[in-house]
Amino acid sequence: MSAPIDFYFDFSSPYGYFAAEMIMPLAEKYQREVLWHPILLGVSFKAMGQQPLAAIPLKGEYSLRDFVRSARFLGLPYKHPSPFPIPTQHPARAFLWINDRAPALARAFAQSAYRAYFVEGKNIADLGVVLDIAGSVGIERDALSEALSTTAVKDRLKAEVELALSRGVFGSPFFIVEGEPFWGVDRLPQLEKWLAEGSF
């Protein structure tokens, strides 16, 4: 089988949400596996000496308009959440724990968490909300709750984020296929060309 697509995302990223809705059909079209990797954009911003997009003067105002317009353009439901952005350690850790046991359920959890935040307005920074979402896709709530309190899961996320940084990942969504990086949901057409034709 051809090399998989590494898909990096932060649960507070609108563009990450859009990509999470689009990457699987694209990958299936070209018979590629997708490896999902949650990251923490706050760590990336610190490494780059930057701040969240919405907080940047001028660019932040534009981004709020672009989130809504991009959702319309892509035909995806979107309601800008409040608060925004949020810390996403809880859903990221939950994803990693679920993914180790059932990758398909982890993807379902990720998409449900994104929709909960960007469509239903639920605060997925809240552990209770995360556990409810996990339960809704078939994850045993008590087992997940117990796991998320452990140092092992916390250290695992830290290691995953550090590994992403070492690979040059700095935003969400971020894709790497055959060593080639693609940043942003608007790069999906380029990613598709790469999958269809090879390097260009």
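Higher on the page you've got the structure.
Nothing here was measured: the structure is a model prediction, and the numbers come from that model.

This part is about helix H8 (residues 151–166). Between the first and last C-alpha of H8 there are 22 Å, a value that for 16 residues agrees with the 22 Å anticipated at 1.5 Å per step. For H8, every residue scored as buried is listed here: Val153, Leu157, Glu160, Val161 and Ala164. Relative to the axis of H8, the buried residues are bounded by an arc of 95° and lie together on one face. In H8, those exposed residues whose orientation departs by more than 90 degrees from the buried face are Thr151, Ala152, Lys158 and Ser166. Contact partners of the buried residues in H8: strand S1 (5–9), strand S2 (34–38), helix H2 (41–48), helix H4 (89–101) and helix H7 (141–148).

Time to look at the sheet that holds strand S4 (residues 180–183). One open sheet holds the four strands; their spatial order is S2-S1-S3-S4, and the pairing between them is mixed. Of all strands in the sheet, those bounded by a partner on one side alone are S2 and S4. Each neighbouring strand pair of the sheet contributes to a mean axis angle of 20°, computed without reference to strand direction. Alignment of strand S3 (residues 174–177) against S4, held across four bridges, turns out to be antiparallel.

Our next topic: the pattern of salt bridges. Close approach of charged atoms allows side chains of opposite charge to pair. By the definition in use, this model includes eleven salt bridges. In this structure, Arg156 engages Asp100 in a salt bridge whose closest nitrogen and oxygen atoms are separated by 2.6 Å. Within this pair, whereas Arg156 is found in helix H8, its partner Asp100 is found in helix H4, the two being separated by 56 residues in sequence. For Arg156, a relative accessible area of 28% gives the class partly exposed. A relative accessible area of 47% means that Asp100 is categorised as partly exposed. Arg141 serves as the salt-bridge partner of Asp132, at 2.2 Å between the closest nitrogen and oxygen.

Definitions and limits used
- Residues numbered from 1 in each chain as written.
- Predicted model: local features only at pLDDT ≥ 70, side-chain atom pairs only at ≥ 80, totals over all residues.
- Heavy atoms only, no water.
- Helix = DSSP H or I, 4+ residues; strand = E, 2+ residues; numbered from the N terminus.
- Expected span 1.5 Å × (residues − 1).
- Buried < 20%, exposed > 50% of the residue type's maximum accessible area, 1.4 Å probe, protein only.
- Arc of directions from axis to C-beta.
- Contact = heavy atoms within 4.5 Å.
- Pairing = 2+ DSSP bridges.
- Axes fitted to C-alpha atoms, helices over the stretch in contact; angles between N-to-C directions.
- Salt bridge = Lys/Arg side-chain N within 4 Å of Asp/Glu carboxyl O.

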